[in-house]
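The primary structure of each chain is shown beneath.
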Amino acid sequence: MEKREATMSSWNPERKQRFRHWPASWRRLTLRLLQWTDSLPLVGWDSHLSRIFFLLLLFVVSAQGVTPNPEACLVSSSVNGSSISCQPPAQIPKSLPADTIFLAVEFFNLTQLPADFLQGVPNLQELHLSSNRLENLSPKFLLPVPQLTVLDLTHNSLTRLPPGLFRVSAALCTLVLKENQLKFLEASWLHGLKALQHLDLSENQLQSLPPGLLENFTDLLTLDLSNNQLQTLPPDLLRGPLNLERLRLEGNRLQVLGERLLAPQPKLRYLFLNDNRLASVAAGAFRGLQKLDMLDLSNNLLTTVPTGLWTSLGKAARNLKDGFDISSNPWICDQNLADLYLWLVANEDKMFFRNHTRCAGPEALKGQMLLAVAESH
């Protein structure tokens with residue numbers, strides 16, 4: 001709420017008065033877009049240009065004193081094609097302009113969509129269907145839109161995807177399946193995806209992942225598996241995406257980080273492993289991470305770490321430039337942490353939450369700051 005008020009604070013009184021008389025649905029859309037532009041997701045600018053255009057259009061409408069029709073979707077046209085955004089109480093159109101390149105149908109609580117819903121819009125590039133109740137999709141759903149680059153299915157009720165859904169989706173770069181009810185995945189569900197760069201599977205109920213799930217995703221840059229129920233990961237999970245830059249595994253139930261998972265990731269910059277149940281990290285787990293900017297191991301069950309774990313981290317000029325967090329672990333501050341002590345002293349300027357990084361034992365050091373103990377050795 002603070003971000004929204006701050007964003008609107010520069011509006012003059014006349015514009016604010018007009019805004020108050022807009023239909024509630026348009027006020028929600030405007031506030032949402034304002035907040036969104038203050039905190040862009042990590043999928044790059046290109047896939048969001050249409051939404052920025054919508055925001056600018058709303059400002060123009062406001063400046064002209066025009067009140068949008070609450071029963072109609074917001075439609076805008078450009079030299080590239082038409083962009084359409086629908087939210088309640090607007091009526092979902094039965095047909096779409098043939099030149100539609102952007103379509104958002106959100107917050108309607110739809111449980112299903114007809115298989116031919118996208119018929120007649122072959123140039124569609126972005127499709128946003130978030131905050132509905134979609135339970136399933138037809139295998140033929142995406143056949144009419146081979147140029148689709150962004151598919152957002154956030155906050156629906158999907159428990160599975162039909163095999164063949166992406167058979168003509170070779171151009172798809174961003175797939176968001178966040179906040180659904182997926183308990184498992186099958187590699188066949190994703191067959192056909194050849195250009196995927198951003199995959200978000202966060203906030204589902206995933207308990208395991210199949211081997212070879214990502215073996216063909218050589219262009220993948222970001223992978224978000226956070227806030228699931230994963231206890232283990234297949235050792236070959238990242239053998240395909242060798243250009244990965246951001247990996248989010250926080251909020252799962254991982255207990256062990258082995259040597260093989262991260263070995264082939266020379267371009268990885270951000271690694272989030274916090275809020276798991278990690279009690280063991282292999283000595284070579286970080287060996288191949290040459291460009292890591294951020295590491296979060298906080299809120300796990302680490303009591304000690306093996307000698308050599310930190311050898312490759314924090315040495316290069318840019319290594320861990322955005323910091324690291326090992327707080328809220330039950331560290332046993334004895335001679336087994338000697339290697340960690342040396343590394344902490346050398347990289348203390350990059351350390352987050354020093355006050356919350358404390359010893360849980362032995363009894364004589366219980367409650368003391370880990371960095372202070374390290375500096376005294």
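Thresholds, definitions, all that
Residues numbered from 1 in each chain as written. Predicted model: local features only at pLDDT ≥ 70, side-chain atom pairs only at ≥ 80, totals over all residues. Heavy atoms only, no water. Disulfide = S-S within 2.5 Å. Helix = DSSP H or I, 4+ residues; strand = E, 2+ residues; numbered from the N terminus. Phe/Tyr/Trp six-rings, centres within 6.5 Å; stacked < 30°, edge-to-face > 60°. Buried < 20%, exposed > 50% of the residue type's maximum accessible area, 1.4 Å probe, protein only. Lys NZ or Arg CZ within 6 Å of the ring centre and 35° of its normal. Salt bridge = Lys/Arg side-chain N within 4 Å of Asp/Glu carboxyl O. Polar contact = N/O pair within 3.5 Å; in protein donor to acceptor, adjacent residues only side chain to side chain. Contact = heavy atoms within 4.5 Å. Core = buried A, V, L, I, M, F, W, Y, C linked by side-chain atoms within 4.5 Å.

### Brief notes about the state of the cysteines
No. 1: Per the counting criterion, the structure on display carries two disulfides.
No. 2: Sulfur-sulfur distance for the disulfide between Cys-333 and Cys-359 comes to 1.9 Å. Classification of the bridge connecting Cys-333 and Cys-359 rests on its S-S torsion, roughly -100 degrees, and on that basis the disulfide is left-handed. Taken together, the residues Cys-333 in the loop between strand 15 (331-332) and helix 5 (338-346) and Cys-359 in strand 16 (residues 359-361) connect sequence positions 26 residues apart.
No. 3: Along the protein chain, the cysteines that take part in disulfide bonds pair up as 1-2, 3-4, counted in sequence order.

### Overview of the packing of aromatic side chains
Given two aromatic rings, their pairing is described by the distance between the two centres and the angle made by the two planes.
No. 1: On inspection of all chains with the given rule, the structure shows five aromatic pairs.
No. 2: Taking 6.4 Å as the distance between ring centres and 50 degrees as the angle between the ring planes, the aromatic pair formed by Phe-352 and Phe-353 counts as tilted.
No. 3: The class for Phe-352 is partly exposed, based on a relative accessible area of 33%.
No. 4: Pairwise contacts between aromatic rings join Phe-286, Trp-310, Phe-324 and Trp-343 into one cluster.
No. 5: Its end group placed over the ring of Tyr-270, Arg-246 keeps NZ or CZ at 4.1 Å from the ring centre.
No. 6: The residue whose ring lies beneath Arg-248 is Phe-272, and the NZ or CZ to ring-centre distance is 4.7 Å.

### Brief notes about the pattern of salt bridges
No. 1: For the coordinates displayed, the defined rule picks out five salt bridges.
No. 2: Two residues, Glu-250 and Arg-248, come together in a salt bridge whose shortest N-O distance is 2.6 Å.
No. 3: For Glu-250, a relative accessible area of 9% puts it in the buried group.
No. 4: A salt bridge links Asp-322 to Lys-321; the shortest N-O distance between them is 3.5 Å.
No. 5: The partly exposed category is assigned to Lys-321, whose relative accessible area is 46%.

### Things to note about the side chain of Asn-300
No. 1: Mapped onto the fold, Asn-300 is located in the loop between strand 13 (294-296) and strand 14 (323-325).
No. 2: Assessed through its relative accessible area of 3%, Asn-300 is described here as buried.
No. 3: Among the polar contacts made by the side chain of Asn-300, one reaches the main-chain amide nitrogen of Leu-278 at a distance of 3.0 Å.
No. 4: From its side chain, Asn-300 meets the backbone oxygen of Ser-298 in a polar contact 3.2 Å long.
No. 5: Ignoring sequence-local partners within four residues, the contact set of Asn-300 consists of Leu-273, Asn-274, Asp-275, Asn-276, Arg-277, Leu-278, Ser-328, Asn-329 and Pro-330.

### Quick look at the nonpolar core
No. 1: Of all hydrophobic cores here, the largest spans 90 residues; its most connected members are Phe-286 and Trp-310.
No. 2: Going through the elements one at a time, strand 2 (81-86), strand 3 (100-105), helix 5 and helix 6 (370-376) are the ones with two or more residues in this core.
No. 3: With sequence-adjacent residues up to four places away left out, Trp-310 is seen in contact with Phe-286, Leu-295, Leu-297, Val-305, Ile-326, Asp-339, Leu-340 and Trp-343.

### Notes on the environment of Lys-291
No. 1: Note on placement: Lys-291 falls in the loop between strand 12 (280-281) and strand 13.
No. 2: What makes Lys-291 partly exposed here is its relative accessible area of 39%.
No. 3: As for Lys-291 and Pro-266, which are separated by 25 residues in sequence, their C-alpha atoms are 6.7 Å apart.

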